[in-house]
Amino acid sequence: MLEKPALDALFGELEKRYSGSADYDQLLRDAHLGIALSDAGRDFEGEVDVRVVELIGKHSGVE
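Described in the following lines is the structure provided in the data block. (Residues numbered from 1 in each chain as written. Predicted model: local features only at pLDDT ≥ 70, side-chain atom pairs only at ≥ 80, totals over all residues. Heavy atoms only, no water.)

A word on the packing of helix H1 (residues 4-18) against helix H3 (residues 50-60)
Relative orientation of the contacting elements H1 and H3 amounts to 145°, with a least axis distance of 9 Å. The hand of the H1/H3 crossing is right-handed. In this structure, H1 contributes Ala6, Ala9, Leu10, Glu13, Leu14, Arg17 and Tyr18 to the contact, and H3 contributes Arg51, Glu54, Leu55, Ile56, Lys58 and His59. Looking at the contact of H1 with H3 residue by residue, the classes come out as seven nonpolar, one polar and five charged. (Axes fitted to C-alpha atoms, helices over the stretch in contact; angles between N-to-C directions. Helix = DSSP H or I, 4+ residues; strand = E, 2+ residues; numbered from the N terminus. Left-handed = near helix turned anticlockwise from the far one by under 90°. Contact = heavy atoms within 4.5 Å. Nonpolar A, V, L, I, M, F, W, Y, C, P; charged D, E, K, R; others polar.)

Below is the structure:
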């Protein structure tokens, strides 16, 4: 489960990298879905954008 500091860092990095891009809103939705699936112990790869998978892995310590 991602703790608040990791979530803040993940969403901060997402915003820094992709804010203003055409797909930023979709990436935000994917991040929320990926985090929920991860917290539930479910596989989220293939369900969300690979950029989001990378960020979740990076900030959860599971790269």
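Considering the nonpolar core
Of all hydrophobic cores here, the largest spans 16 residues; its most connected members are Leu2, Leu10, Leu14, Phe44, Val52 and Ile56. Counting residues per element, the ones that place at least two in this core are H1, helix H2 (24-39) and H3. Looking at this core element by element, the count peaks at five residues for H2. Sequence-distant contacts of Val52, that is, excluding residues within four places in its chain, are made with Leu27, Asp30 and Ala31. (Core = buried A, V, L, I, M, F, W, Y, C linked by side-chain atoms within 4.5 Å. Buried < 20%, exposed > 50% of the residue type's maximum accessible area, 1.4 Å probe, protein only.)

With respect to the packing of H2 against H3
The contact between H2 and H3 brings their axes to 9 Å, and the two run at 50°. Taken as axis vectors, H2 and H3 run oblique relative to one another. Crossing hand, H2 versus H3: right-handed. Here Leu27, Asp30, Ala31, Gly34 and Ile35 of H2 lie close against H3, whose contacting residues are Arg51, Val52 and Ile56. A class-by-class count of the residues in the contact of H2 with H3 yields five nonpolar, one polar and two charged. (Parallel < 35°, antiparallel > 145°, perpendicular 65-115°, else oblique.)

Description of the pattern of salt bridges
Under the defined criterion, the tally for this structure stands at six salt bridges. Measuring nitrogen to oxygen at the nearest pair gives 3.1 Å for the salt bridge that ties Lys58 to Glu13. On the criterion of sequence distance, the pair formed by Lys58 in helix H3 and Glu13 in helix H1 is long-range, its members being 45 residues apart. Connected via shared salt-bridge partners are Glu13, Arg17, Glu54 and Lys58. (Salt bridge = Lys/Arg side-chain N within 4 Å of Asp/Glu carboxyl O.)

Side note on H2
In this model H2 runs 22 Å from its N-terminal to its C-terminal C-alpha over 16 residues, within 8% of the 22 Å that 1.5 Å per residue would give. Considered for burial, the residues of H2 that qualify are Tyr24, Leu27, Asp30, Ala31, Gly34, Ile35 and Leu37. Take H2 and look down its axis: the buried residues cluster within an arc of 160°, on one side only. Turning to H2, the residues buried within the fold contact H1 and H3. Backbone geometry just after H2 places Gly41 at a positive phi near 80°. (Expected span 1.5 Å × (residues − 1). Arc of directions from axis to C-beta.)

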